[in-house]
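What follows is the residue order along each chain.
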Amino acid sequence: MSRSAHPAGPRHADVLPEGHYTAPPADLNALDPKVWSQTVGRATDGAVTVAGIEVTRLAEEFGTPAYFLDETDFRARCAAWRDAFGPGADVFYAGKAFLSRAVVRWLHEEGLNLDVCSGGELATALSAGMPAERIAFHGNNKSEDEIERAVSVGVGRIVLDSFQEIVRVAHIAQRLGKRQRVQIRVTVGVEAHTHEFIATAHEDQKFGIALADGLAAEAVRRALELDGIELIGIHSHIGSQIFDMAGFEVAARRVVGLLAEVRDEHGIELPEIDLGGGLGIAYTSDDDPSEPHEIAKALNEIVSRECEAAELRVPRISVEPGRAIVGPTAFTLYTVGTVKPLEGLRTYVSVDGGMSDNIRTALYDAEYTVALASRRSDAEPMLARVVGKHCESGDIVVKDAFLPADIAPGDLIAVPATGAYCRSMASNYNHVLRPPVVAVRDGEARVIVRRETEEDLLRLDVG
Ligand code: LLP
């Protein structure tokens, strides 16, 4: 690596500290389509554009930090998932990744269903007109109020997560004079290759009922005995940000194994299986996610093969991608405030947001990339760490990134692939106000979730 143009910045590759980076990219101005949404590019003046709008204009109109969500890209991903699985299967978008009323309307228009996991998500879905029968209600500890509301409005399915919940939902439904369609979530004992906090199919964690020791079979027995519920299938979600299809294959095999056991014991072929979400996306150019049609093909094949072997009718399959739909559709735009070169280490580039708008780096050691967005630069690459404005040294947005060495206060920088689990996990830490989500499409931008204000903060603080 040649000299950094920064007066006191890190200078040579041989003095670079350890980190998750290799060599700087050949062209710092390039925007890898793997990590940026489909309408992102650069204008002739060098500014990043999305849906034909320059980020400099977006920053002026909407301020920073802000998430910009590429609606065209979002809809295209919905369509890709829908078409990959076809009319014989159901795609439930996992609302926890990011949910707003505009998103609910897009999902509805694109023919997707919706997975919600709290009363708040259910309320958002209903208020934007998602038909209740297209909603699946999840959660390991749904409250009685939440269950009552879900049953009353007629959600398509409730995914039962424990023995207690089987009884709880059945009783509530019976009291309301309803028969609620349910699935039972099982843990299949797969060690998914992802961060410990987002792996969910091993046995020592809070979700689901283990297939091991016959527990799931016992759960099926109990569910079949209760009048308030109609057991329609088995659910498995093995974790999140997974690239390797092997875990899904094992899960599918084991779930089909349970269907066969149920058939043998009760003479019933449960009509549905849900294989959850969890498909990984590219946060950096090193990630290589599968396409929805590859995933659909792999899952359909394994389920068909296993069913054939067990002489079972092939059940209707559903999946619940969240991140794989919304993750790549948005970037976060920040304004650079302070640039602090640490000799022999790296340059700290502080932005006007941080761990309150993206907790994933601090929580999961997640990797992101970053690009200078307000202009093009031909300056030398400089090893940087993009940090926020919070009072915590773990407040890191991008741990290891190369930025042009002439980066300066007032520049706009953009972090791609922040559509999933960034706004939805945003906090008010340090009473920093949560950024808006702005949808952009065909040269137009509109706020779909507005920026939080000091009035919002003070309204909750009732003294
Ligand atoms: N279905 C169920 C039952 C889930 O629990 C989840 C995610 C999904 C579907 C969607 O998974 P996805 O396709 O989005 O990976 N906050 C973490 C991710 C937590 C995922 C929780 N459950 C992160 O930022 O990586």
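Reading the values: the criteria
- Residues numbered from 1 in each chain as written.
- Predicted model: local features only at pLDDT ≥ 70, side-chain atom pairs only at ≥ 80, totals over all residues.
- Heavy atoms only, no water.
- Near = heavy atom within 4 Å.
- Polar contact = N/O pair within 3.5 Å; in protein donor to acceptor, adjacent residues only side chain to side chain.
- Areas by Shrake-Rupley, 256 points an atom, 1.4 Å probe, with all protein chains shown as cover.
- Domains from an automatic or database assignment.
- Contact = heavy atoms within 4.5 Å.
- Buried area = accessible area lost by both parts, 1.4 Å probe.
- Salt bridge = Lys/Arg side-chain N within 4 Å of Asp/Glu carboxyl O.
- Nonpolar A, V, L, I, M, F, W, Y, C, P; charged D, E, K, R; others polar.
- Pairing = 2+ DSSP bridges.
- Helix = DSSP H or I, 4+ residues; strand = E, 2+ residues; numbered from the N terminus.
- Core = buried A, V, L, I, M, F, W, Y, C linked by side-chain atoms within 4.5 Å.
- Buried < 20%, exposed > 50% of the residue type's maximum accessible area, 1.4 Å probe, protein only.

## Some details on the site of the ligand
And step 1. The ligand sits among 19 residues. The nearest are Ser240, Glu320, Arg360, Tyr364 and Tyr421.
And step 2. In this structure, aspartate 115 approaches the ligand through a side-chain N or O atom, which is 3.5 Å from a nitrogen atom.
And step 3. With respect to the ligand, the side chain of arginine 360 contributes an N or O atom lying 2.5 Å from an oxygen atom.
And step 4. Computed on the free molecule, the ligand has an accessible area of 580 Å², of which 92% lies beneath the protein chains in the complex.
And step 5. The two domains that each donate at least three residues to the shell around the ligand are domain 1 (13-70 + 328-460) and domain 2 (138-321).

## Describing the domain arrangement of the chain
And step 1. Assigned domains of the chain: these are domain 1 (13-70 + 328-460) and domain 2 (138-321).
And step 2. Computed from C-alpha coordinates alone, the two centres of domain 1 and domain 2 are separated by 36 Å.
And step 3. Facing the eleven residues of domain 1 at the interface are eleven residues of domain 2.
And step 4. Both faces considered, domain 1 and domain 2 share a buried interface measuring about 1,100 Å² in area, 59% of it formed by carbon and sulfur atoms.
And step 5. Counting every contact that joins domain 1 to domain 2 gives one salt bridge.
And step 6. Notably, a salt bridge pairs aspartate 288 with lysine 34, separated by 2.8 Å at the nearest N-O pair.
And step 7. Our count for the contact surface shared by domain 1 and domain 2 stands at five residue pairs in polar contact (both at pLDDT 80 or more).
And step 8. A class-by-class count of the residues in the side of domain 1 that touches domain 2 yields six nonpolar, one polar and four charged.

## Some words on the sheet that holds strand S2 (residues 48-50)
And step 1. In space, the three strands of this open sheet follow the order S1-S2-S3, with antiparallel pairing throughout. Unpaired on one side and paired on the other, strand S1 (40-42) and strand S3 (53-54) mark the two borders of the sheet.
And step 2. As judged from the two bridges shared by S2 and S3, these two strands associate in the antiparallel manner. Looking at S3, one finds that threonine 49 is bridged to glutamate 54.

## Describing the nonpolar core
And step 1. In terms of nonpolar packing, the biggest core is built from 113 residues, with Phe74, Tyr93, Ile184 and Ile413 touching the most fellow members.
And step 2. Taken together, domain 1 (13-70 + 328-460) and domain 2 (138-321) each give at least three residues to this core, which thus spans both.
And step 3. Filtering out sequence-adjacent residues up to four positions away, phenylalanine 74 remains in contact with Leu69, Tyr93, Val103, Trp106, Leu107, Ile325, Val326 and Thr329.
And step 4. Core analysis: the next-biggest nonpolar cluster, separate from the first, contains 23 residues, Val40, Ala51, Ala59 and Leu412 among them.

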